[in-house]
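Summary of the model geometry
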Number of protein chains: 2
Amino acid sequence: MVKRTTYCGLVNETYLNQEVDLAGWVQKRRSLGNLVFVDLRDREGIVQLVFSQEINAEALALAETLRNEYVISVHGKVVARDERAINERMKTGKIEVEVTDITVLNESKTPPFDITDNVTASEDTKLKYRYLDLRRPEMMTGLRTRAQIVKSVHHYLDDHGFIEIETPDLTKSTPEGARDYLVPSRVYPGSFYALPQSPQLFKELLMASGFDRYYQIARCFRDEDLRGDRQPEFTQIDLETSFLSAEEIQDLTEGVIAQVMHDEKGIGVQLPFPRLTWNDAMARFGSDKPDLRFGMELQDLSEFFKDSAFKVFKSAIENGGQVKAIVAPQAATKYSRKQIEGLQDYIKRFGAKGLAWLKVENGEVAGPISKFVKEQQAELLAQLDAHDGDLLLFVADTQKVVADSLGYLRNYFGKELDLIPDNQFAFTWVVDWPLFEYDEGDQRWVAAHHPFTMPNEEDIHLLDTDPHSAHAQSYDIVLNGYEIGGGSIRIHTREIQEKMLKALDFSKEKAQEQFGFLLDAQDYGFPPLGGLAIGLDRFAMLLAGRDNIRDVIAFPKNSKATEPMTEAPSRVATAQLDELGLNVEDESEK
Amino acid sequence: MVKRTTYCGLVNETYLNQEVDLAGWVQKRRSLGNLVFVDLRDREGIVQLVFSQEINAEALALAETLRNEYVISVHGKVVARDERAINERMKTGKIEVEVTDITVLNESKTPPFDITDNVTASEDTKLKYRYLDLRRPEMMTGLRTRAQIVKSVHHYLDDHGFIEIETPDLTKSTPEGARDYLVPSRVYPGSFYALPQSPQLFKELLMASGFDRYYQIARCFRDEDLRGDRQPEFTQIDLETSFLSAEEIQDLTEGVIAQVMHDEKGIGVQLPFPRLTWNDAMARFGSDKPDLRFGMELQDLSEFFKDSAFKVFKSAIENGGQVKAIVAPQAATKYSRKQIEGLQDYIKRFGAKGLAWLKVENGEVAGPISKFVKEQQAELLAQLDAHDGDLLLFVADTQKVVADSLGYLRNYFGKELDLIPDNQFAFTWVVDWPLFEYDEGDQRWVAAHHPFTMPNEEDIHLLDTDPHSAHAQSYDIVLNGYEIGGGSIRIHTREIQEKMLKALDFSKEKAQEQFGFLLDAQDYGFPPLGGLAIGLDRFAMLLAGRDNIRDVIAFPKNSKATEPMTEAPSRVATAQLDELGLNVEDESEK
């Protein structure tokens, strides 16, 4: 048994002249004359220990043998540091602990990297020794931010009538959507469970049961190719309610988020959050997840250029497209023609055929297309609210290409020009989404949200005539340009649900096979319902100020979906596969 | 949007003469003269609606079309019921709601079974329509009890410095212990993740990282044959701490449980819980999970019978065994010789060769072995504190057979003789377990707790000489004869860990292959640590007063590990298997 009276990082001047018992890890040891100083670390921070001949010669001798990351416990007295030794940057910087007793609880080999925030080890080394990486203060802070979010969510929802209910992890494979992780059944060889991509259908059924308000901190799984902000398993704050409108669900969600921001950041966020329609978000910011921390909105110049001598603009408008611009403030001298051409190349990936630009100098426009606007330049500058030194960027194309291109450039210049204030958290709702979107890769219409999303009341009739033009009772919550969550009112009648599945090219048989239990449930008193899910990993990443969700996951996978520490996934014994009735294909046969 | 001012089940006389908006399910409709009465149900209970010609003829007409399980919303006025119509057993029994407006939100076909507590549908029918089954009040109560436990645990541990951290679900297969559920990797065909049987090693590594106090409501998975209280996936309240003794961890756990019992049951449990050593539990109750709600302890009569003329007793003692008895109070006249012989047959499964018995009548013993004890009968009855009408049951055999047999009979008679008080919750710790136990099936020594359990300090040396006689720093928490959780102090040095694995017949190579990351971590400043896990499903079952954990799981599997509603597990597309590099064995080939 180890005695401990407080954490190292909490020993401050209120403990002066008191005896304390501490335990922790040796961060650093140094000798100074006859003294040995040890920085002792625990989860709350670091405290300085001092050993001397006068206090305890035996303890001093032992202290001299300490190496980094040894685990020790000590007993000692808190004393004031010498004036010269005071460290104002440390919470414990005004005191030190004169150690009278020390016990070495465990030793340590030299770690493969230093336990400090500015560490240069490779990502895979850090993952292999994740237990050491997590000792670093910034990693510990990331996980504690995540825990604080979950804590606030629990407390808020528990207090607002939500019932936490667990849904199964071993469930049915639904080939729609992302790729499932499968789990072979031993009882029925050749059959498989699937790990859930979300608890969507189960939470709807819980509403059918009458639980009224459900939530869960739900683990979800998708076997997709990995990117920086994707992991094979991820966690969502998942909730569902009955009888509420989209606006009421948004209000509830704002309450949750306000609680989190208060508890974790000490910030009182302004409620309600702005509610942008999807159309407005695309028109003004060129994005369905706009970063509202800065302006530089897209401005429509289609009217302005509809009779322009500049053919590119004129014909884009004539063909049903548009001309829009953004104003990059005070960027004119910072960007060369070559750099701007580089951006032009970049936005080709969005389908843009070109990027027109102008610089404003002494009240005059200058640049390749200046001759087309010279005559109306005062009007143009007034309309755009542009000033000397600004760079004007124009894209003329279809609505989608314009939005994607200028939306990208807006974010690019926002960062480049340092227009984004630190420590600001700009939440917004994006509402009234299209019900469907066209998947260019698969060449087919898919559900923009998911197939259980209710169309807008006035669009329900479109399911029979022109389903793909319908908009939905769905909403995303956006923070600083990241989608952190989304939800919708769900379909609660079999009739609309069947039409929706038909619009997604489900045959009646396939609909029943895949979603029969949902359709059946809708026959037995299914209530109006809606809900939302917030991606915990990304939300925690943003609040912790990190730029990779791996930093807020205790034991993440790397970009190959493997875990270098345990070496999962791995080969298994043939006997295990035999029980499951499975053979691994011989790779040489391929 | 549906307007609602409160829940149906909460409308009581404090609402008298107020207008309310309610929504819910039609439990029952009946007509009485010109009136229609509807029982409207939501998660909080049932309220009576009344429709009449005078209030609203249109609403009355609609009410006449309502059928069970229709979802409706209503607006109306709360009025007092007629004296004669008051129902004291209902929370809302003194009032009814005169409905002025009604909207039918959804219809319902006739459900396959009634939504009431005394339902006779088959288990599989209830699972297929689980969303209907969960509407039944007793099922809803079970899940709400579970949610309340989790809520109390969150609040208590959050307030006591515990940090909630998620550990991975896609992890490494460890063939030791129970059978793993495997998850094929697509990136590395032929390799597999395993779903965790517990977060044991991850939580130890979090202690190595310095988090100091961890907890998680952790989903775990075991592919074992199912029994009444087993499910393929289950949930544990999982916690781990650094630098604490077994007693300190037990104290913390008692705090958690006291909080739960207070919040869910309104009961102030007496702390600390009794702490029985494993030896004492086996000696006194013949069980490592004793039910302390009643007495009837096992009493050792080896000394009494060591010179007995009854050969069976005498030789059992001479061979190193023992003779023990239990006293079944006032059971003498209730059990015939034949019934007792039936019990004798039953305990043969524990290896017992016989069951001796005596009845006490008028201060005299009677029965088959009475002639051997007649002379000392007064002494015997005094020692056993037995009285007229009692039934005395004796087993003479090895310590284990005696414990198993009389432990079983104690529980049997406890229930049969109605000695167990209702609504009592008797918690106890069972501590100081053997480190190993012999698995008769596999014919080998296995870890009694798990291979990471620390031996008692004074038994560490036995790892080199006689490991299987060592006892461990482990502890189980027992409630009413059920093990609801267990934990231990863990091994924190590579040296002891390697000896432990060696005693379990791991080669050095196999130890490194399976547990190398743990052994490596123990080289880098691994702190002393310990923790515990409580089985949430079983704990919730006991507090909800149910006798099957399925009743406190929203969507459980049946006894074949299938889910009749979604029909998981199921066949999957060949393309899915191809991506994973797997073939399903042709069953005809077998």
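Structural data are supplied above this passage.
Quick look at the structure, then.

Here is what the cut-offs are and how they apply
- Residues numbered from 1 in each chain as written.
- Chains lettered and ligands numbered in written order.
- Predicted model: local features only at pLDDT ≥ 70, side-chain atom pairs only at ≥ 80, totals over all residues.
- Heavy atoms only, no water.
- Phe/Tyr/Trp six-rings, centres within 6.5 Å; stacked < 30°, edge-to-face > 60°.
- Helix = DSSP H or I, 4+ residues; strand = E, 2+ residues; numbered from the N terminus.
- Buried < 20%, exposed > 50% of the residue type's maximum accessible area, 1.4 Å probe, protein only.
- Lys NZ or Arg CZ within 6 Å of the ring centre and 35° of its normal.
- Least-squares fit on C-alpha atoms with pLDDT ≥ 70 in both.
- Contact = heavy atoms within 4.5 Å.
- Pairing = 2+ DSSP bridges.
- Salt bridge = Lys/Arg side-chain N within 4 Å of Asp/Glu carboxyl O.
- Buried area = accessible area lost by both parts, 1.4 Å probe.

Observations concerning the packing of aromatic side chains
The final tally for this structure, using the stated rule, is 48 aromatic pairs over all chains. Taken together, a centroid distance of 6.0 Å and an interplanar angle of 65° make the contact between Trp25(A) and Phe243(B) edge-to-face. With one member in each of two chains, Trp25(A) in strand S1 (residues 19-32) and Phe243(B) in the loop between strand S10 (233-242) and helix H6 (246-265) form a pair that bridges those chains. Considering the side-chain rings of Tyr129(A) and Tyr524(B), the 5.9 Å spacing of their centres and the 80° angle between planes classify their relative orientation as edge-to-face. On the criterion of chain membership, the pair formed by Tyr129(A) in the loop between helix H2 (123-128) and helix H3 (130-133) and Tyr524(B) in the loop between helix H16 (508-521) and strand S22 (529-535) is interchain, its members lying in two chains. This pair shows no difference in class: Tyr129(A) is buried, exactly as Tyr524(B) is. Through a chain of ring-to-ring contacts, the aromatic side chains of Phe304(A), Phe305(A), Phe310(A), Phe313(A), Phe372(A) and Phe394(A) assemble into a single cluster. Above the plane of the ring of Phe506(A) lies Lys510(A), whose end atom (NZ or CZ) is 4.5 Å from the centre. Against the face of Phe294(B) rests Arg410(B), its NZ or CZ located 4.0 Å from the ring centre.

Side note on the relation of the copies chain A and chain B
With an axial shift of 0.0 Å and an RMSD of 0.1 Å, the rotation relating chain A to chain B amounts to 180°. Taken together, the rotation and translation relating the two chain copies correspond to the operation of a two-fold axis. Comparing interface residues between copies, 100% of those in chain A also lie at the interface in chain B; the contact surface is shared.

A closer look at the sheet that holds strand S17 (residues 427-431) of chain A
All names here are of chain A. Pairing within the open sheet is mixed, and its eight strands lie in the order S6-S9-S10-S22-S21-S20-S17-S11. Every other strand in the sheet has two partners, leaving strand S6 (163-164) and strand S11 (275-277) as the edge strands with one partner each. The pairing of strand S20 (residues 474-479) with strand S21 (residues 482-490) spans six bridges and is antiparallel. Residue pairing in the sheet places Tyr475 in a bridge with Gly487 of S21.

What to know about the pattern of salt bridges
If you walk through the whole model with that rule in mind, you get 90 salt bridges over all chains. The salt bridge involving Glu579(A) is made with Arg179(B); its shortest N-O contact spans 2.9 Å. Of this pair, Glu579(A) sits in helix H18 (residues 574-580) while Arg179(B) sits in the loop between strand S6 (163-164) and strand S7 (182-184), which puts the two residues in different chains. Its relative accessible area of 25% is what places Arg179(B) among the partly exposed residues. Glu233(B) is paired through a salt bridge with Lys557(B); the nearest N and O atoms lie 3.3 Å apart. In this pair, Glu233(B) sits in strand S10 while Lys557(B) sits in the loop between helix H17 (536-544) and helix H18 (574-580), placing the two residues 324 residues apart along the sequence.

A word on the interface of chain A and chain B
Counting residues at the interface gives 123 residues for chain A, matched by 123 residues for chain B. Counting the surface lost from both chain A and chain B, the interface buries some 10,900 Å², and carbon and sulfur atoms represent 57% of this. Taken together, chain A and chain B are joined by 16 salt bridges. Across the pair Arg186(A) and Asp223(B) runs a salt bridge, and its minimum N-O distance is 3.1 Å.

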